[in-house]
Amino acid sequence: SQNIMNRKVSIVIPVFNEKGDLYSIIKRSILRKQFNNLRGVSLSPVLFGLNLLSFDKESGIINLVEGCFDCMKMHAYSFTNTLALMGTSFSKERKEILLKYCSQVRLLLDPDSPGIKSSDEIAKILLPDIRIVYVKLPDKKDPDECSKREIEEAFKNGSYYFPIRNMSFKKRGI
């Protein structure tokens, strides 16, 4: 019997498109934080969790996270209005999807350099059509590392983005 540390131990996660059809799969190594999607398949036109989206459409709020595990954790905590980018890139195709479902996006991207940069890029694409709330999670944690209570507290302390001259943005706490 081969030692488990020497094997490629992975789980496979299905990714569905807006119609609920299987679009792609993501493979994640359990031993390393490493993701792979099907070669040649771009994930930019889809948002992970769209087939599971369940929320009060009157509120018009979507939570946007980076990874599929962040999204699954949020759903486990009953934040079923959560979708994942499956990375940090954002496209106009994704904006069009969000416009069908919400008027406000709460960004809960990872608090590292790519996550912070992506939050600013997403705000530039979504504003002024969709209101942006930047949610700062405690202790520089990713969403899947937070407790439900920590996320609820972070929602209360979110910062709104307001556009000002020449498409530059100012963050303002509430």
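Residues numbered from 1 in each chain as written. Predicted model: local features only at pLDDT ≥ 70, side-chain atom pairs only at ≥ 80, totals over all residues. Heavy atoms only, no water.

### Quick word on the environment of Leu98
Working step 1: As for its placement among the helices and strands, Leu98 is situated in helix 2 (residues 92-101).
Working step 2: When the C-alpha atoms of Leu98 and Leu50 are compared, they prove to be 9.9 Å apart, with 48 residues separating the residues in sequence.
Working step 3: Other than its neighbours up to four places away in sequence, Leu98 contacts Leu47, Ile62, Leu64, Leu83, Phe90, Val105, Leu126 and Ile130. (Helix = DSSP H or I, 4+ residues; strand = E, 2+ residues; numbered from the N terminus. Contact = heavy atoms within 4.5 Å.)

### Focus on the confidence of the model for the protein
Working step 1: For the protein, the mean per-residue pLDDT works out to 82, and 80% of the residues sit at or above 70.
Working step 2: The least confident element of the protein is strand 9 (residues 168-173), whose mean pLDDT is 42; the most confident is strand 5 (residues 82-84), at 96.
Working step 3: Every residue in residues 1-6 scores below 50 in pLDDT, and together they form five contacts with partners more than four places removed in sequence or on other chains.
Working step 4: In this model residues 163-174 is a low-confidence stretch, pLDDT under 50, and it forms 23 contacts with partners more than four residues away in sequence or in other chains. (pLDDT = per-residue confidence, 0-100.)

### Overview of helix 4 (residues 148-156)
Working step 1: Here helix 4 has its buried residues at Ile151, Ala154 and Phe155. On an axial view of helix 4, the arc spanned by its buried residues comes to 105°, and they lie on one face. Every exposed residue of helix 4 that faces more than 90 degrees away from the buried side is listed here: Arg149 and Lys156.
Working step 2: The inward-facing, buried residues of helix 4 contact strand 4 (61-65), helix 1 (68-76) and strand 6 (104-107). (Buried < 20%, exposed > 50% of the residue type's maximum accessible area, 1.4 Å probe, protein only. Arc of directions from axis to C-beta.)

### A closer look at unusual backbone geometry
Working step 1: Here the bond from Leu127 into Pro128 is cis, since omega is 0°, no more than 30 degrees from zero.
Working step 2: Counting through the fold element by element, Pro128 comes out in the loop between helix 3 (113-126) and strand 7 (131-134).
Working step 3: Residue Ser78 is not a glycine yet carries a positive backbone phi of 75°.
Working step 4: With respect to the element layout, Ser78 can be found in the loop between helix 1 and strand 5.
Working step 5: Unusually for a residue other than glycine, Asp139 sits at a positive phi of about 55°.
Working step 6: Within the secondary structure, Asp139 sits in the loop between strand 7 and helix 4.

### Brief notes about helix 3
Working step 1: With 14 residues, helix 3 extends 20 Å from end C-alpha to end C-alpha; this agrees with the ideal 20 Å at 1.5 Å per step.
Working step 2: Turning to helix 3, its buried residues are Gly115, Ser118, Ser119, Ile122, Ala123 and Leu126. Down the axis of helix 3, the smallest arc covering the buried residues is 140°, so these residues share one side. Pointing more than 90 degrees away from the buried face of helix 3 are the exposed residues Ser113 and Lys117.
Working step 3: Put simply, Asp112 is the residue that caps the front of helix 3, since its side-chain oxygen is 2.9 Å from the backbone nitrogen of Gly115. (Expected span 1.5 Å × (residues − 1). Polar contact = N/O pair within 3.5 Å; in protein donor to acceptor, adjacent residues only side chain to side chain.)

### A few points about the nonpolar core
Working step 1: If you look at the biggest cluster of nonpolar residues, it comprises 22 residues, and the most contacted ones within it are Phe48, Leu108 and Ile151.
Working step 2: Counting only elements with at least two residues in this core, the list comes to strand 1 (10-16), helix 1 and helix 4.
Working step 3: Once residues lying within four places of it in the same chain are set aside, the contact partners of Phe48 are Ile13, Pro14, Val15, Cys68, Cys71, Met72, Thr82, Leu83, Ala84 and Met86.
Working step 4: Core analysis: the next-biggest nonpolar cluster, separate from the first, contains 21 residues, Leu47, Leu53, Ile97 and Leu98 among them. (Core = buried A, V, L, I, M, F, W, Y, C linked by side-chain atoms within 4.5 Å.)

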